[in-house]
Amino acid sequence: MKFLFAATPVPGHVNPLLAIVRMVKKRGGEALFATARHLMPTVEAAGARAVKLEGDADIDFREIEKVYPEWTDLSPQERLPFGLKKAILGPMEAQAATLRNLIASDSPDIIVADSLFCGTTPLFLDRSRRRPPIVACGISILMLERADGAPGLTGLPPARDTADRARYAAMRADADAFMAPVELLADAKLAAMGLPGLPHRFGPSRVLLADAYLQPTVPAFEYDFGPLPPTVHFIGALPPPPPPEATRPDWWGELDGARKVVLVTQGTAANFDFGNLVEPTLAALAGRDDVLVVVTTGGRPVENVRGPLPANARVAVFLDYEALLPKLDLLVTNGGYGTVSLALRAGVPIVAAGRTEDKAEVGARVAWSGVGIELPTDTPSIEEVRNAVARVWADPRFRQRARMMAADFATFDAEREIFRVVAGLVIHERRSAEALLAS
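As a starting point, this report considers the structure included with it. The structure displayed is predicted, hence computed values, not measured ones.

### Quick notes on the overall build of the protein
When helices and strands are counted, the protein shows 15 helices and 13 strands. A globule of 439 residues ought to have a C-alpha radius of gyration of about 22 Å, and the protein, at 22 Å, matches this closely. Along the three orthogonal principal directions, the C-alpha set of the protein runs to about 75 × 50 × 45 Å. Within the protein, the proportion of its 439 residues that are buried is 54%. Distance from the positive charge centre (48 side chains) to the negative charge centre (53 side chains) of the protein: 3 Å.

### Thoughts on the nonpolar core
Membership of the largest hydrophobic core comes to 79 residues, with the highest contact counts inside it found for Phe202 and Phe221. In terms of residues, this core owes the most to one element, helix α5 (residues 92–106), which gives 6 residues. When residues no more than four places from it in sequence are discounted, the contact partners of Phe202 are Leu84, Ile88, Leu89, Leu116, Cys118, Met179, Val182 and Glu183.

### Concerning the layout of surface pockets
There is about 270 Å³ of room inside the second largest pocket. The wall of the second largest pocket is formed by 14 residues, among which Arg129, Arg130, Arg131, Pro132 and Glu429 lie closest to the centre. Examining the composition of the lining of the second largest pocket, we find that 3 residues originate from one element, helix α15 (residues 414–438), more than from any other. Along the lines of polarity and charge, the residues of the lining of the second largest pocket split into 5 nonpolar, 2 polar and 7 charged.

### A look at the packing of aromatic side chains
As enumerated under the stated definition, the model contains 7 aromatic pairs in all. When the centroid spacing of 5.6 Å and the interplanar angle of 85 degrees are considered together, the rings of Tyr68 and Phe82 count as edge-to-face. With a gap of 14 residues between them, Tyr68 in the loop between α3 (64–67) and α4 (76–89) and Phe82 in helix α4 connect regions that are remote in the sequence. When the ring of Tyr223 is compared with that of Trp368, the centres are 4.9 Å apart and the planes differ by 80 degrees; the resulting orientation is edge-to-face.

### Some points on the packing of helix α11 (residues 337–345) against helix α14 (residues 396–410)
Across the interface, α11 lies against α14 with an axial gap of 7 Å and an inter-helix angle of 95 degrees. Taken as axis vectors, α11 and α14 run roughly perpendicular relative to one another. Residues Ser341, Leu344 and Arg345 of α11 lie in contact with α14, whose contacting residues are Ala402, Met405, Ala406 and Phe409.

### Description of the sheet that holds strand β12 (residues 350–352)
As summarised here, the arrangement of the 6 strands in space is β10-β9-β8-β11-β12-β13, forming an open sheet in which the pairing is parallel. Each edge of the open sheet carries a strand with a single partner, namely β10 (313–316) and β13 (372–374). When strand polarity is set aside, the average angle formed by the axes of neighbouring strands in this sheet is 15 degrees. On top of the sheet, helix α9 (residues 278–285) reaches β8 (260–265), β9 (291–296), β10 and β11 (330–333); it is set at about 170 degrees to β9, its chief contact.

### Observations concerning the environment of Pro91
Within the fold, Pro91 resides in the loop between α4 and α5. For the pair formed by Pro91 and Ala46, sequence separation is 45 residues and the distance between their alpha carbons is 25 Å. Among residues more than four places away in sequence, those in contact with Pro91 are Asp56, Ala57, Ile59 and Lys86.

### Brief notes about the pairing of strand β2 (residues 30–35)
Counting buried positions along β2 yields 5 of 6 residues, so the element is predominantly enclosed. Of the pairings in the sheet, the one linking strand β1 (residues 2–6) to β2 comprises 5 bridges and is parallel in character. Across the sheet, Phe5 pairs through a bridge with Phe33, a residue of β2. The β-α-β motif built from β1, the intervening helix α1 (residues 11–26) and the parallel element β2 has right-handed crossover chirality. By the bridge criterion, 4 bridges tie β2 to strand β3 (residues 49–52) in an arrangement that is parallel. For Ala34, the partnering residue across the bridge sits in β3 and is Val51. Read as a crossover between parallel neighbours, the route from β2 over helix α2 (residues 40–45) to β3 is right-handed.

### Quick notes on helix α13 (residues 382–394)
Counting along an α-helix, one turn takes 3.6 residues, and residues three or four places apart therefore face a common direction. In this model α13 runs 18 Å from its N-terminal to its C-terminal C-alpha over 13 residues, within 8% of the 18 Å that 1.5 Å per residue would give. Residues of α13 that are buried make contact with α9, β11, β12, β13 and α14.

### Quick look at the sheet that holds strand β4 (residues 110–114)
The 7 strands are arranged β3-β2-β1-β4-β5-β6-β7 in an open sheet whose pairing can be described as parallel. Each end of this open sheet is capped by a strand with a single partner; those strands are β3 and β7 (232–234). Neighbour to neighbour, the strand axes of the sheet diverge by 25 degrees on average, direction disregarded. Where β4 and strand β5 (residues 134–137) come together, 4 bridges link them in parallel fashion. Directly across from Ala113, in β5, lies its bridge partner Ala136.

### Section: the packing of α4 against helix α7 (residues 162–192)
One can describe the packing of α4 onto α7 by two numbers: an axis separation of 10 Å at closest approach and a directional angle of 10 degrees. Judged on the interaxial angle alone, α7 and α4 are roughly parallel. For the pair α4 and α7, contact is made by Gln77, Leu80, Pro81, Leu84, Lys85 and Leu89 and by Phe178, Met179, Pro181, Val182, Leu185, Ala186 and Lys189, respectively. Looking at the contact of α4 with α7 residue by residue, the classes come out as 10 nonpolar, 1 polar and 2 charged.

### Here we look at empty space enclosed by the protein
Summed over all chains, the structure comprises 2 cavities of 30 Å³ or more. In this structure, the largest cavity occupies an estimated 40 Å³ of space. Lining the largest cavity are Ala113, Asp114, Ser115, Thr120, Phe124, Ile134, Ala136 and Arg206. Contributions of two or more residues to the lining of the largest cavity are made by β4, α6 (120–125) and β5. Looking at the lining of the largest cavity residue by residue, the class counts come to 4 nonpolar, 2 polar and 2 charged. A volume near 30 Å³ is recorded for the second largest cavity. Taken together, Leu89, Met92, Cys118, Thr121, Ala186, Leu198, Phe202, Ser205 and Arg206 make up the lining of the second largest cavity. No other element matches the 3 residues that helix α8 (residues 202–208) contributes to the lining of the second largest cavity. The class makeup of the residues in the lining of the second largest cavity is 6 nonpolar, 2 polar and 1 charged.

Cut-offs and rules
- Residues numbered from 1 in each chain as written.
- Predicted model: local features only at pLDDT ≥ 70, side-chain atom pairs only at ≥ 80, totals over all residues.
- Heavy atoms only, no water.
- Helix = DSSP H or I, 4+ residues; strand = E, 2+ residues; numbered from the N terminus.
- Rg over C-alpha atoms; globule rule 2.2 N^0.38 Å.
- Buried < 20%, exposed > 50% of the residue type's maximum accessible area, 1.4 Å probe, protein only.
- Lys, Arg positive; Asp, Glu negative; His and termini not counted.
- Charge placed at Lys NZ, Arg CZ, Asp CG, Glu CD.
- Core = buried A, V, L, I, M, F, W, Y, C linked by side-chain atoms within 4.5 Å.
- Contact = heavy atoms within 4.5 Å.
- 1 Å grid on protein atoms, 1.4 Å probe; cavity = no way out; pocket = protein on both sides within 12 Å on 5 of 7 lines; lining within 4 Å.
- Points joined across faces, edges and corners; volume = space filled by probe spheres on them.
- Nonpolar A, V, L, I, M, F, W, Y, C, P; charged D, E, K, R; others polar.
- Phe/Tyr/Trp six-rings, centres within 6.5 Å; stacked < 30°, edge-to-face > 60°.
- Axes fitted to C-alpha atoms, helices over the stretch in contact; angles between N-to-C directions.
- Parallel < 35°, antiparallel > 145°, perpendicular 65-115°, else oblique.
- Pairing = 2+ DSSP bridges.
- Right-handed = clockwise from strand over helix to strand, strands pointing away.
- Expected span 1.5 Å × (residues − 1).

Structure (structure tokens):
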């Protein structure tokens, strides 16, 4: 079977698909992977044939301030709609052209794209041309309309009563106005291509248009949306990427259980300023002889963590998460969805502090599910971090809930579920093609 993968050129979008690539290769399948030029060596190392995205879709976000010079002057509230318009919707036409050309040249049996790869949208809406089935792989929370009326990306917990629902309804108008420019741009781009506009709000359209949607978590970490579309499939956690070289530094032997181990990370995207979370956490736990604080910089130089480092701190660019996570007593994170899922799969409680992109929603789920504490800010104080860590360790219910979540994750076999979904789509497509030829 031949797979065509397509990903927005950001590690949090690429890595989940590379996990599926490795599954495909293990089963003897063929994989093409379309993304930006600078990520092609990473793709090829996973076993796929790398193809460069066309035109303005070939973006290098490692230095976003150079790609979009105005980025540094935007407030956190302004960055979300800007990023959606420029980075997500901006290259839609070029992404779609890349997919069309690869369908024509390579005849893939199925396409797997990250859920925010908008180049799939024209293919969904163009009924005049045949295409292979398209699977969207979620890279964050499930973006469906909530039964309690809460607007998305606001980090609101499920409504407890009619007063909450009334408050959420009042907030909906502001949220709709906030997203209106994004949806107007999407519709204008589609109209210029001779296609109808989005049939749903922007977020839900990423779920509902797909032939199948893979949500890499368990139902216990998601809100109750009521009956889900039959195309939505929970698959548990996708495995992390294999560690690059030198991810077991000379201090790895200190992870021997003699001290509590805390991992603090700002992921691979919102890691320009380690003063947001990493440095406050180091200061909050400095002097604790019973605690070892491990930092990953997500690709940034370790020198970007401003020192002097506390004696109980260890810093690395990347680490072997598969080996590290079972050794942890706590994850302190800005709310990266993939890292949170992997921590919960390992039964690790969490302190989450982040508000940009989807991080408010991830943090809200951490608090709502009982697996940890949310600090609703991008820049918690040293005291706030210290108190949150102390609360998690003082109350055994956080660890118990995290372990219960791990038990839920253990019931899911991501690889088996993915190939069950894919096989069903491919078989249905082939039967449809045979029926069309026979008519």
